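Chain by chain, the residues run as shown.
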Amino acid sequence: MERTFAFDPGKHAALIARRGIDFLVVSAVFNDRQRVDYADTRFEYGEERRVTVGKVDGSFFTVVYTLRDDVTWLITAWPSSRKERARYG
């Protein structure tokens with residue numbers, strides 16, 4: 001089953017402006033069979049948020065997302081930190 005992605009257009013524009021990261025590109029982390037995925041338990045968000053760390057074209061990215069029905073809703077993303085890359089293994 002192919003994933004359907006969605007995101008807030010305003011957040012997407014801000015992410016490109018601030019970090020130079022495009023959700024349309026980093027969503028490819030979900031194609032990485034070795035990606036690491038875990039629950040984001042830092043706060044109570046009112047929904048289950050997940051974090052995934054994976055590679056896109058040889059670079060590591062961390063993506064925060066939630067599942068809303070059959071849609072993977074992308075919340076934010078950044079280049080993975082050393083700690084996140086180590087978690088990837």
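## Concerning the side chain of Thr52
Within the fold, Thr52 resides in strand E3 (residues 49–56). Those residues within four positions of Thr52 in sequence are excluded, and the remaining contacts are Val29, Phe30, Arg35, Val36, Asp37, Phe61, Thr62, Val63 and Tyr65.

## Some points on the environment of Arg50
Relative to the elements of secondary structure, Arg50 occurs in strand E3. Remark: the alpha-carbon pair of Arg50 and Ile75, spanning 25 residues in sequence, is separated by 9.7 Å. In contact with Arg50, other than residues within four places in its own chain, are Asp37, Tyr38, Ala39, Asp40, Val63, Val64 and Tyr65. A polar contact of 2.8 Å, which involves the side chain of Arg50, links it to the side chain of Asp37. Among the polar contacts made by the side chain of Arg50, one reaches the side chain of Glu48 at a distance of 3.0 Å.

## As for the environment of Ala14
With respect to the helices and strands, the residue Ala14 is situated in helix H1 (residues 9–19). As a C-alpha pair, Ala14 and Thr76 span 62 residues in sequence and 10.0 Å in three-dimensional space.

## Observations concerning the nonpolar core
Phe23, Val26, Val63, Leu74 and Ala77 are the most contacted members of the largest nonpolar core, which has 13 residues in total. Where this core is concerned, the elements lending two or more residues are helix H2 (23–26), strand E4 (59–68) and strand E5 (71–79). The greatest single-element share of this core, amounting to three residues, is contributed by E4. In this structure, Val36, Val51, Phe60 and Tyr88 belong to the second largest nonpolar core, which totals eight residues.

## Brief notes about the side chain of Ser80
In this structure, Ser80 sits in the loop between E5 and helix H3 (82–88). Separated by 2.9 Å, the side chains of Ser80 and Thr62 make a polar contact. Those residues in contact with Ser80, other than ones at most four positions away along the chain, are Val53, Phe60, Phe61, Thr62 and Arg85.

## What about unusual backbone geometry?
One non-glycine residue with positive phi stands out, namely Asp57, at about 50 degrees. Along the chain, the position of Asp57 falls in the loop between E3 and E4. Its identity as a non-glycine residue notwithstanding, Asp69 has a phi of 55 degrees, on the positive side.

Reading guide: rules and limits
Residues numbered from 1 in each chain as written. Predicted model: local features only at pLDDT ≥ 70, side-chain atom pairs only at ≥ 80, totals over all residues. Heavy atoms only, no water. Helix = DSSP H or I, 4+ residues; strand = E, 2+ residues; numbered from the N terminus. Contact = heavy atoms within 4.5 Å. Polar contact = N/O pair within 3.5 Å; in protein donor to acceptor, adjacent residues only side chain to side chain. Core = buried A, V, L, I, M, F, W, Y, C linked by side-chain atoms within 4.5 Å. Buried < 20%, exposed > 50% of the residue type's maximum accessible area, 1.4 Å probe, protein only.

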